[in-house]
Amino acid sequence: MLRRFSLSVLAVVALALGYSKAALADPPTLSIQQQATLDATGVLVYVVLDCGAGASTATLTVQVGQGNYTGASTAPITSTGARQVVAVQVNGTFQPGAAAASAILECGALAQGLQLGATINISP
């Protein structure tokens, strides 16, 4: 009886561990890099993202605020299923110096990542 109980407990534990591995898959990630680049039409903001397993379509929205001016841009992304750095062009009359940026990552049709008010440094 004890042997049968031990085998049953072992089977339940093994099954639970199998499910926990699936549940612990890497979640989507999003982060705005501190350095941004000023160009003729606005600023390039660099965002590190990962939609998780497998290639998929994604949408990345980035907003930049500096003083009284804000600008935003939405870009379609092809996620590789691994960490990647994406440059997003935000048009506007930005100046070199400190600014704030926010980003929203949608993997498929579901919002998966959000970063608000990250401090960035715009360089010429």
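Details of the structure are given in the entry above.
Read on for an overview of the structure.

**Some points on the side chain of glutamine 84**
In this fold, glutamine 84 is placed in strand S5 (residues 84-91). Residue class for glutamine 84 comes out buried when judged on its relative accessible area of 14%. Of the polar contacts made by the side chain of glutamine 84, one reaches the backbone oxygen of threonine 78; its length is 3.5 Å. If near-sequence neighbours (up to four positions away) are discounted, glutamine 84 is found in contact with Val47, Val48, Leu49, Ile77, Thr78 and Ser79.

**Focus on the nonpolar core**
Judged by nonpolar contacts, the single largest core of 26 residues is most densely connected at Val45, Leu60, Val62, Val64 and Ile120. Looking at which element gives the most residues to this core, the answer is strand S6 (residues 97-107), with five residues. Not counting residues up to four positions away in its chain, the partners in contact with valine 62 are Val45, Val47, Gly71, Ala72, Ser73, Val88, Val90, Ser102 and Ala103.

**What to know about a nonpolar patch on the surface**
Judged by side-chain polarity, Ile104, Leu114 and Leu116 come together as a nonpolar surface patch covering roughly 310 Å² of accessible area. Note that leucine 116 resides in strand S7 (residues 110-123).

**A word on the sheet that holds strand S4 (residues 69-79)**
Here we have seven strands laid out as an open sheet, ordered S4-S3-S6-S7-S1-S2-S5, and mixed in their pairing. This sheet does not close on itself; its edge strands, each paired only once, are S4 and S5. Going across the sheet, the axis of each strand differs from the next one's by a mean of 25°, ignoring polarity. In this sheet, strand S2 (residues 42-50) lies alongside strand S1 (residues 29-38) in antiparallel orientation, the contact comprising seven bridges. From the neighbouring strand, leucine 30 faces S2, where its bridge partner is leucine 49.

**Focus: the side chain of glutamine 66**
Here glutamine 66 lies in strand S3 (residues 56-66). For glutamine 66, a relative accessible area of 15% gives the class buried. A distance of 3.1 Å separates a polar atom in the side chain of glutamine 66 from the backbone oxygen of alanine 98. Apart from the residues within four sequence positions on either side, glutamine 66 is in contact with Phe94, Gln95, Pro96, Gly97, Ala98, Ala99 and Ile122.

What counts and what doesn't
- Residues numbered from 1 in each chain as written.
- Predicted model: local features only at pLDDT ≥ 70, side-chain atom pairs only at ≥ 80, totals over all residues.
- Heavy atoms only, no water.
- Helix = DSSP H or I, 4+ residues; strand = E, 2+ residues; numbered from the N terminus.
- Buried < 20%, exposed > 50% of the residue type's maximum accessible area, 1.4 Å probe, protein only.
- Polar contact = N/O pair within 3.5 Å; in protein donor to acceptor, adjacent residues only side chain to side chain.
- Contact = heavy atoms within 4.5 Å.
- Core = buried A, V, L, I, M, F, W, Y, C linked by side-chain atoms within 4.5 Å.
- Patch = residues over 30% accessible without salt bridge, like charges linked within 9 Å, V, L, I, M, F, W, Y side chains within 5 Å.
- Areas by Shrake-Rupley, 256 points an atom, 1.4 Å probe, with all protein chains shown as cover.
- Salt bridge = Lys/Arg side-chain N within 4 Å of Asp/Glu carboxyl O.
- Pairing = 2+ DSSP bridges.
- Axes fitted to C-alpha atoms, helices over the stretch in contact; angles between N-to-C directions.

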